[in-house]
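Here is what each chain is made of, one letter per residue.
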Amino acid sequence: MAAGEARHPVKSAGRALDVLEALADPAGPRSLVELSRSLGIPKSSLHGILHTLLARGWIAADPTGTRFGLGLRSLQVGAAYLAGADAGGSLGMLLDQLAARLGETVVLCRRDGDAMVVLAKRDSPHALRPHVPLGARLPAHATAAGRALLAQLPDDAVDRLLSWPLPALTERTTTRPEDLRAQLAAVRRRGWAVEEEESGPGLAGVAVAVPLRDPAVDALAVVAPVSRFGPATQRRVAVALRAAATQVRAARALLGEDF
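Residues numbered from 1 in each chain as written. Predicted model: local features only at pLDDT ≥ 70, side-chain atom pairs only at ≥ 80, totals over all residues. Heavy atoms only, no water.

Turning our eyes to something else, we now look at the sheet that holds strand 2 (residues 59-61). The three strands lie next to each other as 1-3-2, forming an open sheet whose pairing is antiparallel. Single-partner strands in this sheet number two, and they are strand 1 (30-31) and strand 2. In the sheet, strand 2 pairs with strand 3 (residues 67-70) via three bridges, with the strands oriented antiparallel. From the neighbouring strand, Ala 60 faces strand 3, where its bridge partner is Gly 69. Running at roughly 90° to strand 3, helix 2 (residues 11-23) makes contact with strand 1, strand 2 and strand 3 of the sheet. (Pairing = 2+ DSSP bridges. Helix = DSSP H or I, 4+ residues; strand = E, 2+ residues; numbered from the N terminus. Contact = heavy atoms within 4.5 Å. Axes fitted to C-alpha atoms, helices over the stretch in contact; angles between N-to-C directions.)

Structure representation (structure tokens):
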């Protein structure tokens, strides 16, 4: 694609993608009226978009035919991405080992702009454990995985990447630039990131960047109820994650960029 073409996106295609992204929200199925209001698309235009997406299987309607959610085709394409993601495939055994050793939920995330996307996970065997859906997106600044990756960038690049003021997911979420910069400086000093009840109430996480690329765009994180994730446990998890990252760096050096 020529550079000039990229500046002129096709409006109808953009609207179809807006619909799919809106329906990916965990809030659940939406009606035509709700989608029209939230996306600013006239109902007459939106009706044609929904009909096309329905016919191709990208979305599905409820039994009444009035509320819409993602369809099987969306699942197939998402699964194909996850199956083909280099990090998810090559790090599967490492995720298994960390989950067995630590007994908590282990997550592999990738930074997509200012958000983190869950590529792979291994659930904790505990009955009380976090719900981490594959494909879930969270603001990078509010997660340990996101901070581990933001810390790979200089502060001015972070400032350009994020949208200020930062959104708060809980009352404890860091939103001020000076506070986030201090946290990223701490990540750079110690080599790992932490968050407590900033991405969700009652949850805490520890994460490290995974050196598959330079700068890294993937991170390994362990997420657990804050009641099981005191300072001593956080340090123990950080040691295990840093050792895992060192393994990845060594394997990449031996096997090359395709690891």
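Glancing now at the pairing of strand 9 (residues 218-225). Of all eight residues that make up strand 9, eight are buried, and the element is covered over most of its length. In this structure, strand 4 (residues 105-112) lies alongside strand 9, joined through six bridges in antiparallel fashion. Each residue of the ladder has a partner; that of Leu 108, found in strand 9, is Leu 220. The sheet contact formed by strand 8 (residues 203-210) and strand 9 spans eight bridges and is antiparallel. Bridging from a neighbouring strand, Ala 204 pairs with Ala 224 of strand 9. (Buried < 20%, exposed > 50% of the residue type's maximum accessible area, 1.4 Å probe, protein only.)

This next bit is on the pattern of salt bridges. A full pass over the atoms with the stated rule returns 13 salt bridges. Of the charged contacts in the structure, one is a salt bridge between Arg 137 and Asp 112, with a shortest N-O distance of 2.8 Å. Here Arg 137, found in strand 6 (residues 137-139), pairs with Asp 112, found in strand 4; they are 25 residues apart in sequence, far enough to count as distant. Across the pair Arg 172 and Glu 197 runs a salt bridge whose closest N-O atoms are separated by 3.2 Å. On the criterion of sequence distance, the pair formed by Arg 172 in the loop between helix 9 (155-161) and helix 10 (177-190) and Glu 197 in the loop between strand 7 (193-196) and strand 8 is long-range, its members being 25 residues apart. With a relative accessible area of 22%, Glu 197 lands in the partly exposed category. (Salt bridge = Lys/Arg side-chain N within 4 Å of Asp/Glu carboxyl O.)

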